[in-house]
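# Coordinate inspection notes
So you can see what is in the structure, the chains are spelled out below.
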Amino acid sequence: MPQLSQSGRIINLVAVSQGNVYRARPGETTWTAATNTTGDTPPLNYTGVVASASNGQKLYFADGANWVKYDPVANVVSRWSATHGSLPVDGVNNTPRLICNWRGRIVLSGLLYNGQQIFMSAVDDPTDFDYLPADTTPTQAFATTVGPQGAVGDEVTALIPFSDDMLVIGTSQEIHVLQGDPMAGGQFGRMTNAIGIAFGRAFCQSPEGTIFFMSNKVGIFAMVPGQVPQSISQAIDPLLADVNTGTHAVRMAWDDRFKCLHVFVTALAAPAACTHFVWEARVASWFTEEFANNNHNPLAVCEFDGNTADDRSVLMGGWDGYVRTFSRTATTDDGTPIRSEVLLGPVSTKTLEEVMFGDSVCVLGETSNPVTYGILAGNTAEAAAASTAIKTGTWKAGRNQNTPIGRAAHSLYCRLTSNLPWSFEQLRVTVGTRGVVRGRGRG
Amino acid sequence: MSDQQAILNFPVAGIDVSGPFSDQRPRQLPGEVDEAGNPVYGRTCPVATNVRVTEASSLRRRGGTRPGQAKYVPQRVGGHDFLVQELARIVVSDASAEG
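Residues numbered from 1 in each chain as written. Chains lettered and ligands numbered in written order. Predicted model: local features only at pLDDT ≥ 70, side-chain atom pairs only at ≥ 80, totals over all residues. Heavy atoms only, no water.

To continue, consider the interface of chain B and chain A. Facing the 78 residues of chain B at the interface are 117 residues of chain A. Of the roughly 9000 Å² buried where chain B meets chain A, counting both sides, 57% is carbon and sulfur surface. Counting the surface chain B buries against chain A, the share from its top three residues, Q69, Y72 and Q85 of chain B, is 10%. At the surface where chain B touches chain A, the tally comes to 6 salt bridges. D305 of chain A is paired through a salt bridge with R89 of chain B; the nearest N and O atoms lie 2.6 Å apart. Joining chain B to chain A, the criterion identifies 61 residue pairs in polar contact (both at pLDDT 80 or more). Listed by contribution, the elements that provide at least two residues to the side of chain B that touches chain A are β1 (4-8), β2 (27-33), β4 (48-49), β5 (51-54), β6 (61-65), β7 (68-71) and β8 (84-93) of chain B. (Contact = heavy atoms within 4.5 Å. Buried area = accessible area lost by both parts, 1.4 Å probe. Salt bridge = Lys/Arg side-chain N within 4 Å of Asp/Glu carboxyl O. Polar contact = N/O pair within 3.5 Å; in protein donor to acceptor, adjacent residues only side chain to side chain. Helix = DSSP H or I, 4+ residues; strand = E, 2+ residues; numbered from the N terminus.)

Pairing in this open sheet of 4 strands is antiparallel, and the strands run β3(A)-β2(A)-β1(A)-β8(B) from one edge to the other. Of all strands in the sheet, those bounded by a partner on one side alone are β3 (32-33) of chain A together with β8 of chain B. Examined bridge by bridge, strand β1 (residues 9-17) of chain A and strand β2 (residues 20-24) of chain A share 5 bridges and lie antiparallel to one another. Paired with V16 of chain A across the bridge in β2 of chain A is V21 of chain A. (Pairing = 2+ DSSP bridges.)

This part takes up the sheet that holds strand β18 (residues 187-192) of chain A. Residues and elements named next belong to chain A. Strand order in the open sheet formed by 4 strands is β15-β16-β17-β18, and the pairing between neighbours is antiparallel. Pairing within the sheet leaves two strands with one partner each, and these edge strands are β15 (156-163) and β18. Geometrically, the sheet is characterised by an average inter-axis angle of 25 degrees between neighbouring strands, direction not taken into account. Pairing of β15 with strand β16 (residues 166-171), which is carried by 6 bridges, proceeds in the antiparallel orientation. Note on β16: the bridge partner recorded for L159 is I169. (Axes fitted to C-alpha atoms, helices over the stretch in contact; angles between N-to-C directions.)

A few words now on empty space enclosed by the protein. Enumeration over the complete set of coordinates arrives at 1 cavity of 30 Å³ or more. In this structure, the largest cavity spans a volume of roughly 40 Å³. Every residue along the wall of the largest cavity is listed here: L343, L344 and G345 of chain A together with N9, P11, R43, T44 and C45 of chain B. Split by residue class, the lining of the largest cavity holds 4 nonpolar, 3 polar and 1 charged. (1 Å grid on protein atoms, 1.4 Å probe; cavity = no way out; pocket = protein on both sides within 12 Å on 5 of 7 lines; lining within 4 Å. Points joined across faces, edges and corners; volume = space filled by probe spheres on them. Nonpolar A, V, L, I, M, F, W, Y, C, P; charged D, E, K, R; others polar.)

Okay, the environment of A409 of chain A next. Residue and element names in this part refer to chain A. As for its placement among the helices and strands, A409 is situated in strand β34 (residues 403-409). Here A409 falls in the buried class, since its relative accessible area comes to 5%. Put simply, A409 and F357 are 52 residues apart on the chain and 8.8 Å apart in space, counted from C-alpha to C-alpha. (Buried < 20%, exposed > 50% of the residue type's maximum accessible area, 1.4 Å probe, protein only.)

Okay, the side chain of D90 of chain A next. All names here are of chain A. Along the chain, D90 turns up in the loop between β9 (84-85) and β10 (98-102). The side chain of D90 is buried and forms no salt bridge, while R97, the nearest opposite charge, is found at 7.6 Å. Separated by 3.0 Å, the side chain of D90 and the backbone nitrogen of Y113 make a polar contact. Residues within four places of D90 in sequence aside, it is in contact with L111, L112, Y113 and N114. (Lys, Arg positive; Asp, Glu negative; His and termini not counted.)

In short, the description is geometric, and any link to function would need to be established separately.
Right, dumping it as C-alpha cells:
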C-alpha cells in the first residue's frame, strides 16, 4: 500500500454550509458532501453560526438546535446521542452554542435560557453525560448544575482550553479559570471581574500559549492564565469602540505564517463593508484591513496546519461559499484589487510655525508597483489628515527622481495609496519653516 | 531654521489613534535595541489600511501591502453561493504511514 502520509496523519478541512457538512483534504480541488444519516435535512442549522470541537477523531457540533457529529473516515454525519445520561438542553430544548475539547471531555455551554451552566462529557466519551453514576469516578461526566463547584454565576460566552490543567471560561462580565479536573478536585477561580469575553469565538492562542481575546468592552487583551489580562489595543481602542458585538461576529485567529493576530469583525445579517484588525506580533503593531468584496468578510475561520507550507495558514469562509486564505503570491483579494493606504507624518514644528515640504526623494522596492502620493496640508494635523491632497503624483519602483513638493502649512502628511502590491524603503523630504511672522498671518 | 532633511519611514509601530493628531508619537518596539543598546522606536500613524510592516512579497520588514487572498479550494462549499457557517480541522490517523 502506498504511503500517503509520512506523518501518519490526514488533516481534513470540514466546512458547513446550508446546514450540510462537507470535507476537503489538502490538495483536493472539490468538496465532498458527507453522507447524512441523522434523519434531518439538513442536519444542522441552515443559516446560523455553527461551532464544533473534535474528540476521538470525530467532530462534534454545537449550533443551538441540533445534536450532530461527523466521522471524517467514513465521511458520515450522524446524530449525536447520549449512551448514558442525557445531552444538555434548556427549558425549551435549545442545545448548546459553545463547545470545546478539554482533557478529553467535550465541554458544552451557551444554552440560550441557561447560559451560566457548563456541561462536560465523561473523559474520552462524548456520549456519556451521566453526572450521577452509581460509582463516582474521576473520569465521569460533570455539570455545574450538579457538581459542588456550582455555576460561574454569569452568562458563559467563551470556553478556552488553555492547558490540560486550565479551562478558561469567559463570561459576559468576568473571566474564570477552572483549575484541574472538576471530578478530581478542580475548582473555579475568578481571574477578573473587570472584563468579560465577547460571545462565541472571539479568542485564539499563539504558539507560545498566550490567549488573545476581545473583551465584552471590545478591547483586545493578551492573557496568560494565572495573570491579569493585559490590554494590547490601547492604540486602536477608539477604532474598536464602534464595534457592535450584537450585530457582528468577532472571530480571531493566529496566523503563524505571517506572525500576526487577526481580528475579524463581520456583520451577521448580510454581506456588508467591515473593518478588520491585524496585529503584527514582531513589532506589536496594529493595522486595519478591509476587503473590497463584502463576500470575503468571514463568519468562519480556521487555523489550518497541513503538511505543506501552503496548507499552514488561516482559512476564511466567505458569504459566497468559497474558502480563502492569505497568500504571499496573491496580488489581489481573489480577483478584487486591494486598496491600500497609509499616512506618513504629520510633519510640524514645536513652535507651530509653518513648515514647507521642499524636494523629496522616495525609494520603493525594486519590484514594487507604483504608488500614488498625496500631500495633505492643514492648519492643524487633524485638519490635514482629513483634507484633500493639495499635490499628487506617482512614485515608481526603485529610487525615484527628485520630486519638488513646494507646499507649506502648519501640518503636512504624505499619503500613499495604491490598488496594486507595493513595498516601501524610505522617503526623504527637505523640510523648512516659513518663519513665525508668516505663521501669525495665516488663519 | 534652515532646511533640514527629514526621513519619513514606514510607520513600523502601526496605527495609534489614542493621542492628539499633533502628537503622533513614536513607540518603542518590543525587545529591540540599537547597536548602542538603546531602545528602538518606530513611527506611528493615524491611518494604515491593508498594509503591513512585513511586506508580503519579500517578507522583509520594510512596509508595504498585506498579502492578498486566494481560494484554498477552487470550488464553493457544496457548490452553492451561500455563506460558510463553520470551518474546522480534524486529524485522522493514516494507516498507510505504516508502510
